[in-house]
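# Results of the structural survey
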Amino acid sequence: MADENAPMEGQSSNFADIGKEMWSFLTGRQAAINYQFVDLKIEVPRSTGAEAPRATWLLNGTLRITTEENAAS
Amino acid sequence: MPGRTGRLVVDADVRMVLNGHPAHLTGTGQDLRVTTDAPADLWTELTRAELPSGIGSVNGPRAIGRVADELDRQGISVAVVGPSGELVRIGARVSSRLGRIVTGSAAVTFGSARTVAPTVLAVVKQSATAVVDRIRSRWRRR
């Protein structure tokens, strides 16, 4: 009997893969992703390393992502 | 039987301040717009970001081409608008030979020379200043 917690073949290993799988899952399910940013502060490193200088990005507003299904010929 | 494909539909109203440089992302449906008063500063800020290896670097025109191709696949177009007008449009419903040459993707088209020139000159000036500063800094350390 298969262990449900065991990693599956082709399991996602980074954000890009997770995003693609999420997109595939949501497509056609009329799902919506709503983000509301309120003074979201992101520190973006200028280079690699723990002591790297950082830029600050601030986000305020809303972002709504839905999917639209189309029949492909 | 026909297959089914999905496209992203986005409703955006996000104000961003990237290290002091404001920009505004707006749009409904599949056409988005980034408006900024200082496109050269915004470009410099974006290209200086160091992203995790899983996402990849955003440096250089080729990276813009990659983003444009991905947006094209999702049916989304993004226009970047500066004080002098539309500078660049990437993604869906865009086709440009110049874009393919510069970024590797035909899904990138540039605004008119008059619109784009001030931003290109400002980016070149900022890049040159950064190079000179780096050389001076190394020279002082010797």
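What you see is a predicted model, and the numbers here were worked out from it, not measured in a lab.

### Here's the deal with the overall build of chain A
Of the regular secondary structure elements, chain A holds one helix and two strands. Its helices and strands taken in sequence order, chain A reads α-β-β from the N to the C terminus. Here chain A holds 73 residues, and the buried ones make up 1% of them. Residue pairs in contact within chain A that sit at least 24 positions apart in sequence constitute 39% of those at least 6 positions apart.

### Comments concerning unusual backbone geometry
Even without a glycine there, the phi angle at Asp39 of chain A is positive, about 50 degrees. Structurally, Asp39 of chain A can be placed in strand β1 (residues 32-45). Unlike most non-glycine residues, Asn19 of chain B shows phi in positive territory, near 50 degrees. One can find Asn19 of chain B in the loop between β1 (3-18) and β2 (21-29). For Asn19 of chain B, a count of 17 C-beta atoms within 10 Å translates into the label partly exposed.

### Digging into the environment of Ser96 of chain B
Residue and element names in this part refer to chain B. Relative to the assigned elements, Ser96 resides in the loop between β5 (85-91) and α3 (97-103). Judged by the 19 C-beta atoms lying within 10 Å of it, Ser96 falls in the partly exposed class. With ten residues separating them along the chain, Ser96 and Ala106 place their C-alpha atoms 4.9 Å apart.

### Observations concerning the nonpolar core
Residue and element names in this part refer to chain B. Within the largest apolar cluster, 24 residues are counted, with the highest numbers of intra-cluster contacts made by Ala68, Ile76, Val78, Ile90 and Val108. Of all the secondary-structure elements, those providing two or more residues to this core are β1, β3 (31-36), α1 (39-47), α2 (60-74), β4 (77-82) and β5. Top element by residues in this core is β1. It accounts for five residues. For Ile76, the contacting residues outside a window of four places in its chain are Leu8, Val10, Gln30, Leu32, Leu71, Gly91 and Ala92.

### So, the confidence of the model for chain B
Overall, the prediction assigns chain B a mean pLDDT of 83, with 87% of residues at 70 or greater. For this predicted complex, the interface confidence score (ipTM) comes to 0.71, while the overall pTM stands at 0.73.

### Some details on the pairing of β5 of chain B
Residues and elements named next belong to chain B. Most of β5 sits out of view: five of its seven residues are buried. Looking at chain direction, β4 and β5 are connected through six bridges and run antiparallel. Across the sheet, Gly82 pairs through a bridge with Gly85, a residue of β5. Where β4 folds back onto β5 in an antiparallel hairpin, the turn is made up of two residues. Note that β5 and strand β6 (residues 108-110) share three bridges and pair antiparallel. Pairing of Val88 across the sheet is with Phe110, part of β6.

What counts, and at which threshold
- Residues take numbers from 1 onward in each chain, read along the sequence in its written order.
- As a convention, the first chain written is A and the first ligand written is 1, with the rest following in written order.
- Whole-chain, interface and lining totals are the exception, using all residues; otherwise, since this is a predicted model, local features are given only for residues with pLDDT of at least 70 and side-chain atom pairs are given and counted only at 80 or more.
- Secondary structure is summarised from DSSP: a helix means a run of H or I of at least four residues, a strand means a run of E of at least two, and numbering begins at the N terminus for each.
- A residue is called partly exposed when the number of other C-beta atoms within 10 Å of its own lies between 12 and 20, exposed at 12 or fewer, and buried at 20 or more, with C-beta atoms placed from the backbone.
- In this description, a residue-residue contact is defined by the distance between C-beta atoms placed from the backbone, which must lie within 7 Å.
- When buried Ala, Val, Leu, Ile, Met, Phe, Trp, Tyr and Cys residues are joined through C-beta atoms within 7 Å, the set is termed a nonpolar core.
- Looking at any residue, its pLDDT shows the predictor's confidence there, from 0 to 100.
- A pair of strands is considered paired only if DSSP assigns at least 2 bridges between the two.

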